[in-house]
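The residues making up each chain are set out below.
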Amino acid sequence: MPISPKEIVSLIGLTSIVFLIAPIFLIRYVLLYNRKKKKHEEEKSIMVKTLETELLRTQMEVQEQTLKTIAYDLHDNIGQLLSLTTITLSSINLDDRAKSAEKIALIEDLTARSTKEVKALSRMLHSEELLSRGLFSAIEFELDWMKRSDRFTISFKKPAFESFTDDAGKETIMFRLFQEIINNIIQHSKATEIFVNLDQVDGALKLTIRDNGVGFDVDATLQRKTGMGLYNIKKRAAIINGTASIDSTRGAGSVITITVPY
Amino acid sequence: MGSVPLSKLITLNTAAEFICFLVALIFLYRDKSAAWRVFIVYLLLTFCAETTGLVIRKVFLTANLPVYNTFVVVECFFTSYFFYTLFKPYGYSVKWLFGWLALFTVMYISELFYVNFADFVAVTASVMSIVFVLACMWFYYIKLTDERYEPLLQSAEFWWVSGALFFYFGSTACNIFFDYLKQNEVSAYNSSIRYIIFNVLNIILYSFWSFSSVCRYRQRKSFR
């Protein structure tokens, strides 16, 4: 059946209507996608802000930790040395020249030890500067400091390179994670041995800290309020796009592995 | 030559074109971009062409094809240049513009000779519409793939392109069946399907373009 001109004209009209409706949907899709892009950008900016806040908090915590260590050292170490020096000085009897010489030699030794301690503390005060020289040096310095107490046998294996990223913020957060884990070991684990291992695995830096302490129930600790430290470790690792795996069983020590891509 | 009252020369199309021209003049005359300033001139030329076409048809009662055949060239050169300025920030070379304009010129002259200057260059106009529709789509694609967020609802370029898309996409059916409609239209042009469609399309186009001028003015003011 041939189509009449009237029908063809109607068809053209109908086609034109369809062709008019199509751009409406197209524009709507573009606008919808654009709105999603905006939302994504907002989320990204919130993430950047969170990272900045977290970085600031981390920097403050690193400083706090340094000051705490200094306070303990001043009280327990240098304070003791100086007290001993004072006592020795006050006990000197100038008439007994032989004993006095012995005591002066002891005072000289005590003063030299105090000076050495003060120098070490001064280096500690520059921990931030130390971090700027590289994460691995900072970790090494912190472990060397711990070794002085003779409470732990520490084994540290680090990679050949000094730094794993140009992002100083990422290194600060990584260093703070290390400090938090070590603090937990000192306070709760009753460990005698600590193994720290830094490795490069498939474009990521893997920090493994293992101890031979009493261990703990990971799930139960994470659920309790006391598990905030562990929760923070996981949260901070996630902020720098990393992961934290916590593995521990009672009586068998614990292993915490932080993996951060770079 | 017939005597026609002035009111007969004011149609929906000419009114829309004139309002859009006024809006553009008010909001764009101080614009720093040459393309947007040329846009004002283009709208004035569109209004003049439309009015001249009407005068020729209604006053001199002769065919107004030469006006529209000439105007197609203005339309193509301006719209292509404007699209080029939209794509330029994304690294598109001027070769694309010159290449397309060369192709258009060859097509246009060939068709003019083919119809012996006695008919509208419908094929060239159809190809031009399709190319502009593709340019609009490409603009959207660029905006979608651009990682930076841009508030499109306030974007002058977005509304300009959207207006062009409505017009050139909506007129596709009319353009393709131009010859058929010319010969078989059931009624006179003033109440024909072509007239209705183009009225609707023009109103949409000039509304979008007027809003685009306002957006451009707002953008300029907010960047001060």
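The residue numbering used here restarts from 1 in each chain and proceeds along that chain's sequence as written. Chain A is the first chain written and ligand 1 is the first ligand written, with later ones labelled in order. With the structure being a predicted model, the display of local features is reserved for residues of pLDDT at least 70 and the display and counting of side-chain atom pairs for 80 or more, all residues being used for whole-chain, interface and lining totals. The side-chain numbers reported here are obtained from all heavy atoms of the structure, hydrogens and water having been left aside.

Quick look at the overall build of chain B now. Starting at the N terminus, helices and strands are each numbered in turn, a helix being any DSSP run of H or I of at least four residues and a strand any DSSP run of E of at least two. Tallying secondary structure elements over chain B gives nine helices and zero strands in all. N-terminal to C-terminal, the α/β element order of chain B is α-α-α-α-α-α-α-α-α. All radius of gyration figures rest on C-alpha atoms, and the globule criterion is 2.2 Å times the number of residues raised to 0.38. For 224 residues, the compact-globule estimate of 2.2 N^0.38 gives 17 Å, and chain B sits close to it at 18 Å. Each residue's exposure class comes from its accessible area (1.4 Å probe, protein chains only) as a fraction of the maximum for that residue type: buried when under 20%, exposed when over 50%, partly exposed otherwise. Counting over 224 residues, chain B shows a buried share of 50%. Sequence-distant contacts in chain B: of pairs separated by 6 or more residues, those separated by 24 or more amount to 73%. Total accessible area computed for chain B in this model is approximately 11,300 Å², and 70% of it derives from carbon and sulfur atoms. Contacts: residue pairs with any heavy atoms within 4.5 Å of one another. Computed with a 1.4 Å probe, the accessible areas rest on the Shrake-Rupley method; for each residue, only the protein chains presented here act as cover.

So, about the interface of chain A and chain B. Contact with chain A, which involves 22 residues of that partner, is made by 32 residues of chain B. Joining two parts hides part of their accessible area as seen by a 1.4 Å probe, and the buried area is that hidden amount summed over both. A combined buried area of about 2,400 Å² lies between chain A and chain B, and 80% of that area is made up of carbon and sulfur atoms. Just to be clear on terms, a salt bridge is a Lys or Arg side-chain nitrogen sitting within 4 Å of an Asp or Glu carboxyl oxygen. Counting the contacts that link chain A with chain B gives zero salt bridges. In the analysis that follows, any N or O atom pair within 3.5 Å is treated as a polar contact, provided that within protein one partner can donate a hydrogen and the other can accept it, and provided that, for residues neighboring in sequence, both atoms belong to side chains. Run the count over chain A and chain B and you get five residue pairs in polar contact (both at pLDDT 80 or more). Just so you know the grouping, Ala, Val, Leu, Ile, Met, Phe, Trp, Tyr, Cys and Pro go in nonpolar, Asp, Glu, Lys and Arg go in charged, and all remaining residues, Gly too, go in polar. Per-class residue counts for the side of chain A that touches chain B are 14 nonpolar, four polar and four charged.

Here we take up the domain arrangement of chain A. Segmenting chain A into domains produces domain 1 (1-36), domain 2 (45-125) and domain 3 (134-262). Put simply, the middle of domain 1 of chain A and the middle of domain 2 of chain A, counted by C-alpha atoms, are 83 Å apart. Here the limits of each domain have been adopted from an automatic or database domain assignment.

On to the sheet that holds strand E4 (residues 243-248) of chain A. Within a sheet, neighbouring strands are paired by backbone hydrogen bonds and run either parallel or antiparallel to one another. Residue and element names in this part refer to chain A. Two strands are said to pair when DSSP picks up at least two bridges between them. Across the sheet, which stays open at both edges, the five strands sit in the order E1-E2-E3-E5-E4 with mixed pairing between neighbours. The sheet is open, and its two borders are formed by strand E1 (153-157) and E4, each paired with just one other strand. Going from strand to strand, the sheet's axes swing by 10° on average, the running direction of each strand aside. Sheet topology note: the E4/strand E5 (residues 254-261) ladder contains six bridges and is antiparallel. Residue Ile-246 lies in a different strand from E5, and its bridge partner there is Ile-256. For helices, the axis comes from a line fit to the C-alpha atoms of the stretch in contact; other axes are also lines fit to C-alpha atoms, and the angle between any two N-to-C directions lies between 0 and 180 degrees. Strands E1, strand E2 (193-201) and strand E3 (204-211) of the sheet are contacted by helix H4 (residues 135-147), whose axis makes an angle of about 165° with E1. Lying over the sheet, helix H5 (residues 168-189) contacts E2, E3 and E5, oriented at roughly 10° with respect to E3.

As a further point, take the environment of Asn-184 of chain A. Residues and elements named next belong to chain A. Inspection of the secondary structure assignment puts Asn-184 in helix H5. Using a relative accessible area of 25% as the deciding quantity, one classes Asn-184 as partly exposed. In this structure, Asn-184 is in contact with Ser-189, Leu-230 and Ile-233, ignoring residues within four places of it in sequence.

Another point: the nonpolar core. In plain words, nonpolar cores are sets of buried Ala, Val, Leu, Ile, Met, Phe, Trp, Tyr and Cys residues tied together by side-chain atoms within 4.5 Å. Among the nonpolar cores identified, the biggest contains 72 residues, and Phe-39, Phe-83, Trp-160 and Trp-209 of chain B are the most heavily contacted of them. Those residues in contact with Phe-83 of chain B that sit more than four places away from it in its chain are Phe-132, Ala-135, Cys-136, Trp-160, Val-161 and Ala-164 of chain B.

Residues and elements named next belong to chain B. Whenever a pair of cysteine sulfur atoms sits within 2.5 Å, that pair is classed as a disulfide. For the structure shown, the criterion picks out zero disulfides over all chains. In this structure Cys-136 is not part of a disulfide, and its nearest cysteine sulfur, from Cys-76, lies 13 Å away. The structure places no disulfide on Cys-174, whose sulfur is separated from the nearest cysteine sulfur, that of Cys-136, by 18 Å. Judged by its relative accessible area of 1%, Cys-174 falls in the buried class.

Moving on, we get to the side chain of Ser-126 of chain B. Looking at where Ser-126 of chain B falls in the secondary structure, it is placed in helix H5 (residues 122-145). Excluding anything up to four places from it in sequence, Ser-126 of chain B contacts Asn-175 and Ile-176 of chain B.

Attention now goes to a nonpolar patch on the surface. Residues with no salt bridge and a relative accessible area higher than 30% make up the patches, which join like charges within 9 Å and nonpolar side chains (Val, Leu, Ile, Met, Phe, Trp, Tyr) within 5 Å. Judged by side-chain polarity, Leu-11, Leu-14, Ile-17, Ile-21, Ile-24, Phe-25, Tyr-29 and Leu-32 of chain A come together as a nonpolar surface patch covering roughly 790 Å² of accessible area. Relative to the assigned elements, Ile-17 of chain A resides in helix H1 (residues 5-90).

Further remarks concern the side chain of Ser-129 of chain B. All names here are of chain B. Checked against the element boundaries, Ser-129 lands in helix H5. A relative accessible area of 5% places Ser-129 in the buried class. If we skip the residues at most four places from it in the chain, Ser-129 touches Tyr-168, Ser-171 and Asn-175.

Our next topic: the UniProt feature "transmembrane region" (unreviewed entry) in chain B. Residues and elements named next belong to chain B. UniProt positions are given in the numbering used here, feature names are shortened, and annotations may be inferred rather than shown by experiment. UniProt records the feature "transmembrane region" (unreviewed entry) for residues 6-29, 36-56, 68-87, 94-114, 120-142, 158-181 and 193-215 in the present numbering. In this annotation, residues 36-56 is assigned 100% helix and 0% strand; the end-to-end C-alpha distance for the span is 30 Å. Overall, residues 120-142 shows 91% helix and 0% strand. The separation of its end C-alpha atoms is 34 Å.

The next point concerns the packing of aromatic side chains. All names here are of chain B. Geometry of aromatic contacts follows a simple scheme: Phe, Tyr and Trp rings, the Trp one being its six-membered ring, pair when their centres are within 6.5 Å, and the pair is stacked under 30 degrees between planes, edge-to-face over 60, tilted otherwise. Under the criterion given, the structure shown has 40 aromatic pairs over all chains. Note on Phe-83 and Phe-87: the rings are 6.1 Å apart at their centroids and 20° apart in plane angle, and the pair reads as stacked. In this pair, Phe-83 and Phe-87 are both assigned in helix H3 (residues 65-87), four residues apart and thus about one turn of the helix distant. Overall, the relative accessible area of 3% leaves Phe-83 in the buried class. On the accessibility criterion, Phe-87 (10% relative accessible area) is buried. Aromatic pair Phe-113 and Phe-117: ring centres 5.3 Å apart, planes at 80°, arrangement edge-to-face.

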